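Listed below are the residues making up each chain.
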Amino acid sequence: MRYLPKSPAEREEMLAALGVKSVEELFSTIPEAYRLKEPLNLPPAMSEAEVIDYFQQRASENSVGYTSYLGAGVYNHLRSVVTDTILQRGEFLTSYTPYQAEISQGTLQAIFEFQTLMCQLTGQEVANASMYDGSTAATEAVLMAERLTNRRRVLVARSVHPEYRDVLKTYAKNSGLRVEEIGYTAAGTLDTKGLEASLKDDVCAVVVQSPNFFGAIETLAPLADTAHRSGALLVVAVTEAVSLGIVKPPSEADIVAMEGQSFGLAPSYGGPFVGVIASREKFVRQMPGRLAGQTTDREGRRGFVLTLATREQHIRREKATSNICTNQALCALAATVHLTLLGKEALRELAEQNLSKAQFALKELEKIPGVRRTFSAPFFNEFTVELPRSVKMVNAALLQEKIVGPFVLGTTYPELTKHALVCVTETTPRSEIERFAAAVQHTLEQSL
């Protein structure tokens, strides 16, 4: 009864207040066949020391010492212990959302700095205080474009992350949006001819990703011109934010939807992450989420406030831009601290390491008979190769060598059977890349 302090007398009192005589009568609406008639088959209770020992044993079963070449929207990057130290401070770790600005100055300032950094990275004029993740940010960007244009048709590149496209289709299913996909070229980039053929005056947004899901970097300026000629907006998704340390910012976009996981957030089994929407200032009233702003009080002291919050908890539901109900403030803080520690030059150096190591990995793999690069467009830290054998088979063999293999493209792109999406970041030593290529070659030779 330590954690459930309900004495028999208290239970009788509650039953009487409910107008029933027993617990069995209380649950009489549950069919007899589905009621539990004996105690749950659980092991005996354990002491605190036994519980700790149990979880230590389970933790020891986790795989350690593996090298990963799996990216596909979630990336392993170096993180400073300073970031975690700041995140664990009580004024941040226990904060939920800054509804009352006067008692959340630290949180609001962190969000304000986060927004500033996101604008600098994306080449946009205003950024919100984060969405759930990149996939929801991309969909919210499309809904934002729908409100701005009063159009209901969306053209999405097939080279956009498959999960991002799935989230968009889920939203669109019951909202009246029509989602159509545009193919890709032999270079791995958006098929511009297909785009031009599909563009009509009913399209609200053209959605592309750069670097895209195949790792290819899109040329955005002509895509923006094409979209604008028909009155559509260009939405650019960015899943690998570190690329912005070296790749030109997507300033041509009308709306940028970005996943900020690469900035100070570990892969963590897929979340929680931090989504971002950045856009032109003239569109700010249709931006979902919320924005923190800087001001001064009556005594001239610098302060921070919740400037814009166009969501249903703050304004009438019919006027709300989104029902997103959190701002991932702790994850946004991690990204802010991480980027502040890095600075511009270190971010560029980090991006250069990703690029050079990925280039080296490609050269090593191309030395293997039967392995060839799939697409010709420039790439950042991911690229696509075709293998002479099943990628799943190769990955199973690599796992025995403590290597997590690349993403199997055939699972989401049936036309790309035997194609692998390889990711290499600054965390991968040159010696491990050489070991990876050697293991792939050995596996292919053994399978002949």
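The rules we used
Residues numbered from 1 in each chain as written. Predicted model: local features only at pLDDT ≥ 70, side-chain atom pairs only at ≥ 80, totals over all residues. Heavy atoms only, no water. Helix = DSSP H or I, 4+ residues; strand = E, 2+ residues; numbered from the N terminus. Buried < 20%, exposed > 50% of the residue type's maximum accessible area, 1.4 Å probe, protein only. Contact = heavy atoms within 4.5 Å. Areas by Shrake-Rupley, 256 points an atom, 1.4 Å probe, with all protein chains shown as cover. Core = buried A, V, L, I, M, F, W, Y, C linked by side-chain atoms within 4.5 Å. Domains from an automatic or database assignment. Buried area = accessible area lost by both parts, 1.4 Å probe. Salt bridge = Lys/Arg side-chain N within 4 Å of Asp/Glu carboxyl O. Polar contact = N/O pair within 3.5 Å; in protein donor to acceptor, adjacent residues only side chain to side chain. Phe/Tyr/Trp six-rings, centres within 6.5 Å; stacked < 30°, edge-to-face > 60°. Lys NZ or Arg CZ within 6 Å of the ring centre and 35° of its normal. Pairing = 2+ DSSP bridges. Axes fitted to C-alpha atoms, helices over the stretch in contact; angles between N-to-C directions. Parallel < 35°, antiparallel > 145°, perpendicular 65-115°, else oblique. Left-handed = near helix turned anticlockwise from the far one by under 90°. Nonpolar A, V, L, I, M, F, W, Y, C, P; charged D, E, K, R; others polar.

### Comments concerning the overall build of the protein
For the protein, the count of helices and strands is 13 helices and 15 strands. Expressed along its principal axes, the backbone C-alpha trace of the protein runs to roughly 75 × 65 × 50 Å. Looking at the protein residue by residue over its 448 residues, the buried ones come to 48%. Sequence separation of 24 or more characterises 70% of the internal contacts of the protein that already satisfy a separation of 6 or more. Counting every atom, the protein has about 23,000 Å² of accessible surface; 54% of that belongs to carbon and sulfur.

### Brief notes about the nonpolar core
Proteins that are soluble and globular tend to have nonpolar side chains buried together. Counting 79 residues, the largest nonpolar core has Met118, Val154, Val206 and Val208 as its most contacted members. By residue number, the principal contributor to this core is helix α11 (residues 329-366), which donates ten residues. Here this core spans two domains, and each of domain 1 (67-78 + 344-446) and domain 2 (81-338) adds at least three residues to it. With residues near it in sequence (within four places) discarded, Val206 still touches Leu155, Leu195, Leu199, Ala227, Ala232, Leu233, Leu234 and Val235. Counting 26 residues, the second largest nonpolar core, distinct from the first, contains Leu362, Val385, Leu398 and Val440.

### Looking at unusual backbone geometry
With an omega of -10°, the peptide bond between Ser210 and Pro211 qualifies as cis. For Pro211, the location among the structural elements is in the loop between β5 (203-209) and α10 (220-229). At the junction of Gly271 and Pro272, the peptide bond is cis and its omega measures out at 0° in the coordinates. Mapped onto the elements, Pro272 comes out in the loop between β7 (255-259) and β8 (275-279). Despite not being glycine, Asn150 has its phi angle at roughly 60°, a positive value. Looking at the secondary structure, you find Asn150 in the loop between α7 (134-149) and β3 (153-157). You will see that Ser268, though not glycine, has its phi angle at about 50°, which is positive. Given the relative accessible area of 38%, Ser268 is considered partly exposed.

### Quick look at the domain arrangement of the protein
Taken domain by domain, the protein comprises domain 1 (67-78 + 344-446) and domain 2 (81-338). The interface is formed by 32 residues belonging to domain 1 together with 32 residues belonging to domain 2. Together, the buried faces of domain 1 and domain 2 total about 2,400 Å²; carbon and sulfur atoms form 64% of this surface. Across the domain 1-domain 2 interface, the total number found is one salt bridge. Residues Arg158 and Glu415 are paired through a salt bridge, measuring 2.7 Å at the closest nitrogen-oxygen approach. Counting the contacts that link domain 1 with domain 2 gives twelve residue pairs in polar contact (both at pLDDT 80 or more). Elements represented by at least two residues in the side of domain 1 that touches domain 2 include exactly α11 and β12 (382-386). The greatest single-element share of the side of domain 1 that touches domain 2, amounting to seven residues, is contributed by α11.

### Focus on the packing of aromatic side chains
Any two aromatic rings considered together are summarised by their centre-to-centre distance and by the angle between their planes. What the rule picks out here adds up to eleven aromatic pairs. With 5.4 Å between their ring centres and 50° between their planes, Phe379 and Phe383 make a pair best called tilted. Both residues of the pair, Phe379 and Phe383, belong to the buried class. An aromatic cluster is built from Tyr184, Phe213, Phe214, Phe375, Phe407 and Tyr413, whose rings are joined through pairwise contacts. Sitting over the ring of Tyr54, Arg58 keeps its end group 4.8 Å from the ring centre.

### Re the sheet that holds β7
Across a sheet, paired strands are connected by hydrogen bonds in the backbone, their directions being either parallel or antiparallel. A sheet is described by the order of its strands in space; here seven strands give the open sequence β2-β8-β7-β6-β5-β3-β4, paired in mixed fashion. Every interior strand has two partners, whereas the edge strands, β2 (126-127) and β4 (178-182), have only one. Pairing geometry for β2 and β8, over two bridges, is antiparallel. Note on β8: the bridge partner recorded for Val126 is Ser279. Its contacts with the sheet place α10 against β5 and β6 (233-238), and it is angled at close to 145° to β6.

### A look at the pattern of salt bridges
On inspection of all chains with the given rule, the structure shows 22 salt bridges. Where Arg152 meets Glu146, a salt bridge forms, and the shortest distance between an N and an O atom there is 1.7 Å. A relative accessible area of 38% places Arg152 in the partly exposed class. Among the ionic pairs, Asp202 bridges to Arg153, the shortest N-O distance being 2.8 Å. Remark: Arg153 occurs in strand β3 and Asp202 occurs in the loop between α9 (192-198) and β5; sequence separation between them is 49 residues. Of the residues examined, Asp202 reaches a relative accessible area of 26% and is grouped as partly exposed. For Arg153, a relative accessible area of 7% translates into the label buried.

### Here we look at the packing of helix α6 (residues 105-122) against α11
Two elements in contact, α6 and α11, have axes separated by 9 Å at closest approach and are oriented at 50°. Classified by the interaxial angle, the pair formed by α6 and α11 is oblique. Between α6 and α11 the crossing geometry is left-handed. Of the residues in α11, those in contact with Thr107, Ala110, Ile111, Glu113, Phe114, Leu117, Met118 and Leu121 of α6 are Ala329, Ala332, Leu333, Ala335, Thr336, Leu339, Thr340 and Leu347. Split by residue class, the contact of α6 with α11 holds twelve nonpolar, three polar and one charged.

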